[in-house]
Amino acid sequence: QGGAPTLDLSAGNVAGAWLEAAGLPRVHIGHEGELLKGLASLPDGSLTNVFCADVFSRLAREDVITCALELGRVTGGEGRLVVSLLTSSPAAPE
(Lines give C-alpha, C1' and ligand atoms only; values in the text may rest on other atoms or scores of the structure.)
Protein backbone atom coordinates (compact mmCIF):
# COMPACT_ATOMS: atom_id res chain seq x y z
CA GLN A 1 0.00 0.00 0.00
CA GLY A 2 1.53 3.23 -1.15
CA GLY A 3 3.48 5.35 1.30
CA ALA A 4 3.31 2.82 4.14
CA PRO A 5 6.59 1.55 5.59
CA THR A 6 7.72 -1.67 3.92
CA LEU A 7 9.73 -4.36 5.63
CA ASP A 8 12.41 -5.24 3.09
CA LEU A 9 13.59 -8.82 3.53
CA SER A 10 15.24 -9.02 0.13
CA ALA A 11 18.74 -10.38 -0.30
CA GLY A 12 20.61 -7.45 -1.80
CA ASN A 13 19.94 -3.81 -2.64
CA VAL A 14 18.08 -4.12 -5.94
CA ALA A 15 14.71 -4.31 -4.20
CA GLY A 16 15.62 -1.41 -1.95
CA ALA A 17 16.15 0.92 -4.89
CA TRP A 18 12.86 -0.21 -6.42
CA LEU A 19 10.96 0.32 -3.15
CA GLU A 20 12.43 3.78 -2.68
CA ALA A 21 11.57 4.74 -6.28
CA ALA A 22 8.00 3.60 -5.59
CA GLY A 23 7.85 5.91 -2.56
CA LEU A 24 7.79 3.09 0.00
CA PRO A 25 9.96 3.79 3.06
CA ARG A 26 12.10 0.76 3.95
CA VAL A 27 12.28 -0.94 7.33
CA HIS A 28 15.03 -3.43 8.23
CA ILE A 29 15.18 -5.90 11.12
CA GLY A 30 18.67 -7.33 10.73
CA HIS A 31 20.61 -9.88 8.76
CA GLU A 32 19.64 -13.43 7.80
CA GLY A 33 20.80 -14.92 11.09
CA GLU A 34 18.60 -12.47 13.02
CA LEU A 35 15.50 -12.71 10.82
CA LEU A 36 13.31 -14.88 13.03
CA LYS A 37 14.31 -13.03 16.19
CA GLY A 38 13.59 -9.70 14.49
CA LEU A 39 10.19 -10.85 13.25
CA ALA A 40 9.28 -12.20 16.70
CA SER A 41 10.01 -8.76 18.20
CA LEU A 42 7.42 -7.02 15.99
CA PRO A 43 3.86 -6.53 17.28
CA ASP A 44 0.91 -8.31 15.65
CA GLY A 45 -0.39 -6.44 12.60
CA SER A 46 2.36 -3.82 12.85
CA LEU A 47 3.33 -3.88 9.15
CA THR A 48 1.35 -2.89 6.10
CA ASN A 49 3.83 -4.13 3.47
CA VAL A 50 6.46 -6.86 3.42
CA PHE A 51 8.72 -7.52 0.43
CA CYS A 52 10.41 -10.89 0.73
CA ALA A 53 12.75 -11.85 -2.14
CA ASP A 54 15.11 -14.82 -2.06
CA VAL A 55 14.71 -15.28 1.69
CA PHE A 56 13.06 -18.68 2.11
CA SER A 57 15.75 -20.39 0.03
CA ARG A 58 18.36 -19.10 2.50
CA LEU A 59 16.60 -20.44 5.60
CA ALA A 60 16.94 -23.86 7.15
CA ARG A 61 14.00 -26.06 6.15
CA GLU A 62 12.55 -26.02 9.69
CA ASP A 63 12.63 -22.19 9.78
CA VAL A 64 10.63 -21.64 6.57
CA ILE A 65 7.25 -22.42 8.20
CA THR A 66 8.11 -20.34 11.26
CA CYS A 67 9.08 -17.41 9.05
CA ALA A 68 5.90 -17.68 6.96
CA LEU A 69 3.71 -17.77 10.09
CA GLU A 70 5.54 -14.77 11.56
CA LEU A 71 5.11 -12.79 8.34
CA GLY A 72 1.38 -13.54 8.42
CA ARG A 73 1.18 -12.45 12.05
CA VAL A 74 2.97 -9.12 11.60
CA THR A 75 1.03 -8.18 8.47
CA GLY A 76 -2.31 -9.06 10.07
CA GLY A 77 -5.46 -9.34 7.99
CA GLU A 78 -4.93 -6.07 6.13
CA GLY A 79 -1.24 -6.21 5.21
CA ARG A 80 0.37 -7.12 1.91
CA LEU A 81 3.06 -9.72 1.59
CA VAL A 82 5.01 -10.03 -1.67
CA VAL A 83 7.15 -13.16 -1.88
CA SER A 84 9.58 -14.06 -4.63
CA LEU A 85 11.01 -17.58 -4.62
CA LEU A 86 14.04 -18.78 -6.51
CA THR A 87 13.68 -22.34 -7.62
CA SER A 88 16.01 -24.62 -9.46
CA SER A 89 14.95 -26.61 -12.45
CA PRO A 90 16.17 -30.09 -13.22
CA ALA A 91 19.09 -30.35 -15.58
CA ALA A 92 18.21 -30.76 -19.21
CA PRO A 93 18.63 -34.29 -20.49
CA GLU A 94 21.80 -34.87 -22.44
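Conventions used here
Residues numbered from 1 in each chain as written. Predicted model: local features only at pLDDT ≥ 70, side-chain atom pairs only at ≥ 80, totals over all residues. Heavy atoms only, no water. Pairing = 2+ DSSP bridges. Helix = DSSP H or I, 4+ residues; strand = E, 2+ residues; numbered from the N terminus. Buried < 20%, exposed > 50% of the residue type's maximum accessible area, 1.4 Å probe, protein only. Core = buried A, V, L, I, M, F, W, Y, C linked by side-chain atoms within 4.5 Å. Contact = heavy atoms within 4.5 Å.

## Let's talk about the sheet that holds strand β4 (residues 80-84)
Next, step 1: Pairing is parallel in the open sheet, where four strands are placed in the order β2-β1-β3-β4. Two strands bound the open sheet, and with one partner strand each, they are β2 (26-27) and β4.
Next, step 2: Pairing of strand β3 (residues 49-53) with β4, which is carried by five bridges, proceeds in the parallel orientation. The partner of Val50 across the bridge, within β4, is Leu81.

## Digging into the environment of Thr48
Next, step 1: Tracing the backbone shows Thr48 in the loop between α2 (35-40) and β3.
Next, step 2: By relative accessible area, which is 26% here, Thr48 ends up partly exposed.

## Concerning the nonpolar core
Next, step 1: Ranked by internal contacts, the top residues of the largest apolar core, which has 14 residues, are Leu7, Leu9, Leu35, Leu39, Cys67 and Leu71.
Next, step 2: Contributing elements (two or more residues each) for this core: α2, β3 and α3 (61-75).
Next, step 3: Top contributing element to this core by residue count: α3, with three residues.
Next, step 4: Leaving out residues up to four positions away in the same chain, Cys67 has contacts with Leu35, Leu36, Leu39, Phe56 and Leu59.
Next, step 5: The next biggest cluster of nonpolar side chains, apart from the first, holds five residues, and it includes Ala15, Leu19, Leu24 and Phe51.

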